[in-house]
Amino acid sequence: MTFTFIAALLYLLSAGLLLRRNEPDASSPHKPAFFLAVNAVLCHALVHILEVVNGTGLQLHFFAALSLVALGMAALTTSVSLNQRMQALGIAVYPLAAAFVVLFYFLGDNQPSQLGWQLLMHAMLALLAYATLAIASLLALMLWFQERALRNRKIHGWLRALPPLVHMETLLFRTVGVGFILLSFVLVTGMLFVDNMMAQHLWHKTVLSVLSWIVFAGLLLGRWRYGWRGPRAVRLTLIAMSLLLLSYFGSRAVLEILGKI
């Protein structure tokens, strides 16, 4: 309980500092916000580590998975903010992480997943892929806001802390590329290690994940071959991520939450 609420508080304090930042040079890291974020990530990680250490076991149900994905997003955001003008991303990521770790504390079912090492590796790869591609989706949204502000000649607030538009696009596609590789490993390990998909309600999850993989592949191919960028890149990133969210969290919500109503 203690680490849960400490993590949530530190996340919110870090996001608040970033939101109120008005220095002309927003390219340098905001050290107090970075310090708070690092400690928030550590406390968040301890919440899940202590489950395993205390014998409860690692949980992978709906709210536990949300918390783990948010942990991955927060860790990636914090690490990137060391050498990129990307601390503004924390304004969106850190409150999400705070909300999800608290939801996990109050709504978690405290039932560990009994998985062999193969399925555990598959699950961890999936959560890391979701976290990376969720970051890509937030970057896509920020890119869209940035382009819109430039067209209207109204760059203000947190948009001033972002990298130039070209650098944002490069970062977006690098993140999509890393997430795509991770998602490819997820699909391969799923085919190798998961048995009896029909009995485990996994067919729809697999279909949606493959569709998401196809959209991401098309986006990267279009970028390489035709130089796709701007609104098209944003749209395809968000479509692919929506399919990916439906593949796991949509099915989990139906089975674990709506199924209990």
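Conventions and cut-offs
- Residues numbered from 1 in each chain as written.
- Predicted model: local features only at pLDDT ≥ 70, side-chain atom pairs only at ≥ 80, totals over all residues.
- Heavy atoms only, no water.
- Helix = DSSP H or I, 4+ residues; strand = E, 2+ residues; numbered from the N terminus.
- Buried < 20%, exposed > 50% of the residue type's maximum accessible area, 1.4 Å probe, protein only.
- Contact = heavy atoms within 4.5 Å.
- Areas by Shrake-Rupley, 256 points an atom, 1.4 Å probe, with all protein chains shown as cover.
- Polar contact = N/O pair within 3.5 Å; in protein donor to acceptor, adjacent residues only side chain to side chain.
- Axes fitted to C-alpha atoms, helices over the stretch in contact; angles between N-to-C directions.
- Parallel < 35°, antiparallel > 145°, perpendicular 65-115°, else oblique.
- Left-handed = near helix turned anticlockwise from the far one by under 90°.
- Nonpolar A, V, L, I, M, F, W, Y, C, P; charged D, E, K, R; others polar.
- Expected span 1.5 Å × (residues − 1).
- Patch = residues over 30% accessible without salt bridge, like charges linked within 9 Å, V, L, I, M, F, W, Y side chains within 5 Å.
- Salt bridge = Lys/Arg side-chain N within 4 Å of Asp/Glu carboxyl O.

A. Highlighting the overall build of the protein chain. When you go through the protein chain residue by residue, the secondary structure sums to 8 helices and 0 strands. The order of α-helices and β-strands along the protein chain, N terminus first, is α-α-α-α-α-α-α-α. Looking at the protein chain residue by residue over its 261 residues, the buried ones come to 46%. Relative to all contacts within the protein chain whose residues are 6 or more apart in sequence, the contacts with residues 24 or more apart total 78%. Working note: accessible area of the protein chain is about 13700 Å², and carbon and sulfur atoms make up 69% of it.

B. Focus on the side chain of Glu169. Its location among the elements puts Glu169 in helix H6 (residues 165-193). A distance of 3.2 Å separates a polar atom in the side chain of Glu169 from a polar atom in the side chain of Arg229. Setting aside anything within four residues of it in sequence, one finds Glu169 in contact with Leu143, Glu147, Arg223, Arg229 and Gly230.

C. The arrangement of the packing of helix H3 (residues 62-80) against helix H4 (residues 90-107) in detail. At their nearest, the axes of H3 and H4 sit 8 Å apart, and the two run at 150 degrees to each other. Considering the angle they form, H3 stands roughly antiparallel to H4. The way H3 lies across H4 gives a crossing that is left-handed. Here Phe63, Ala64, Leu66, Ser67, Ala70, Met73, Ala74, Thr77 and Thr78 of H3 lie close against H4, whose contacting residues are Gly90, Val93, Tyr94, Ala97, Phe100, Val101, Leu103, Phe104 and Leu107. Looking at the contact of H3 with H4, its residues break down into 14 nonpolar, 4 polar and no charged.

D. Spatial organisation of H3. Its 19 residues give H3 an end-to-end C-alpha distance of 27 Å, which sits within 8% of 27 Å, the value for a rise of 1.5 Å per residue. Buried residues dominate H3, accounting for 15 of its 19 residues.

E. Structural detail: a nonpolar patch on the surface. On the surface, a nonpolar cluster with roughly 510 Å² of combined accessible area is contributed by Trp203, Val207, Val210, Leu211, Trp213 and Ile214. Looking at the element boundaries, Ile214 is found in helix H7 (residues 203-226).

F. The pattern of salt bridges, seen in detail. Summed over all chains, the structure comprises 2 salt bridges. Among the salt bridges present, the one from Glu169 reaches Arg223, with a minimum N-O distance of 3.9 Å. One end of the pair, Glu169, is in helix H6; the other, Arg223, is in helix H7, with 54 residues separating them in the sequence. Arg223 sits in the partly exposed class, given a relative accessible area of 27%. In this structure, Glu169 and Arg229 form a salt bridge, with 3.2 Å as the shortest nitrogen-oxygen distance.

No statement about biological role is implied by the geometric values presented.
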